[in-house]
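The lines below spell out each chain.
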Amino acid sequence: MSYGMFWVIVAAVALVVEIISLGLSSIWFTGGAIVAAIIGYMNGPIWLQIVAFIVVSTVLLLVMRPLAKKHLAIGQEKTNTDSLIGRTEKVLVTVDNNAGTGMIKLGDVEWRAVSDDGSVIPEGTLVVIQRLEGTRLYVRREVETV
């Protein structure tokens with residue numbers, strides 16, 4: 001087996017691993033192995049093939065990975081609950097952290113509401129959802145603009 005064929009196999013394995021994982025973890029080695037394979041098929045010395053593999057893989061990893069992560073949003077899984085943040089809703093049951101009361105209805109679902117700043121928020125008050133923790137919505141009174 002020639003060195004060129006060895007690097008083609010390395011590239012194929014790295015590509016298969018990337019396809020399985022989809023984590024931008026081994027695609028860079030595919031590029032390095034392709035460059036090393038070209039050098040191998042041109043009968044370049046093995047040390048040059050190894051150096052080319054390492055350099056090209058490292059450059060691709062350092063330069064392209066941040067760009068790819070930014071544009072592909074790898075590892076950033078958005079959920080439907082993200083859309084709740086910033087919504088304004090009406091309090092159904094007075095929000096009182098000390099008494100353990102507070103309820104807001106979103107669509108057909110009632111959610112437990114907790115005052116973000118610890119204040120009591122009466123029934124019927126408009127509130128803005130600040131964050132979600134578990135099944136609790138942390139809310140603040142809506143600031144009225146005049």
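Please refer to the structure higher up on the page.
By convention here, each chain's residues receive numbers from 1 onward along its written sequence. In keeping with the predicted nature of the model, local features appear solely for residues at pLDDT of at least 70, side-chain atom pairs appear and are counted solely at 80 or more, and the whole-chain, interface and lining totals rest on all residues. Processing note: side-chain calculations cover all non-hydrogen atoms of the structure and skip hydrogens and water entirely.

**Brief notes about the packing of helix α1 (residues 3-21) against helix α2 (residues 27-41)**
Packed helix pairs are characterised by how far apart their axes lie and by the angle those axes make with each other.
Inference 1: Lines are fitted to the C-alpha atoms to define the axes, a helix being fitted only along its stretch in contact, and any angle between axes, read from their N-to-C directions, falls within 0 to 180 degrees. Helix numbering and strand numbering both begin at the N terminus, where a helix is a DSSP run of H or I of at least 4 residues and a strand a DSSP run of E of at least 2. With their axes 8 Å apart at the nearest point, α1 and α2 run at an angle of 165 degrees to one another. It follows that α1 is roughly antiparallel to α2 by the angle criterion. The handedness of the crossing between α1 and α2 is left-handed. Mapping the contact onto sequence places G4, M5, W7, V8, V10, A11, A14, L15 and E18 in α1 and I27, F29, T30, A33, I34, A36, A37, G40 and Y41 in α2.
Inference 2: Partitioning the contact of α1 with α2 into residue classes produces 14 nonpolar, 3 polar and 1 charged. Angle categories are assigned with fixed cut-offs, so that under 35 degrees is roughly parallel, over 145 is roughly antiparallel, 65 to 115 is roughly perpendicular, and the rest are oblique. Here a crossing is called left-handed whenever its near helix is offset anticlockwise from the far helix by less than a right angle, and right-handed whenever the offset is clockwise. Contact criterion: two residues are considered in contact whenever any of their non-hydrogen atoms come within 4.5 Å of each other. Put simply, Ala, Val, Leu, Ile, Met, Phe, Trp, Tyr, Cys and Pro go in the nonpolar bin, Asp, Glu, Lys and Arg in the charged bin, and everything else, Gly too, in the polar bin.

**Some details on the nonpolar core**
Taken as a class, soluble globular proteins show a tendency for nonpolar side chains to be buried jointly.
Inference 1: In plain words, nonpolar cores are sets of buried Ala, Val, Leu, Ile, Met, Phe, Trp, Tyr and Cys residues tied together by side-chain atoms within 4.5 Å. The rule is simple: take the accessible area with a 1.4 Å probe, protein chains only, and divide by the maximum for that residue type; under 20% is buried, over 50% is exposed, in between is partly exposed. Within the largest apolar cluster, 12 residues are counted, these being L84, V91, V95, I104, L106, W111, A113, I121, V127, I129, L137 and V139.
Inference 2: Sorting the residues of this core by element identifies β1 (88-96), β2 (101-106), β3 (109-115), β4 (126-133) and β5 (136-141) as the ones contributing at least two each.
Inference 3: When neighbours within four sequence positions are excluded, W111 is seen to be in contact with L84, G102, M103, I104, L106, L132, G134, T135 and L137.
Inference 4: The next biggest cluster of nonpolar side chains, apart from the first, holds 6 residues, and it includes W7, A33, A36 and F53.

**Topic: the sheet that holds β2**
Inference 1: Being paired, for any two strands, means DSSP has found at least two bridges between them. The strand order around the closed barrel built from 5 strands is β1-β2-β3-β5-β4, with neighbouring strands paired in mixed fashion. Strand-to-strand twist across the sheet, computed as the mean angle between neighbouring axes with direction ignored, equals 50 degrees.
Inference 2: Across 4 bridges, the pairing between β2 and β3 is antiparallel. Along β3, the bridge assignment pairs I104 with W111.

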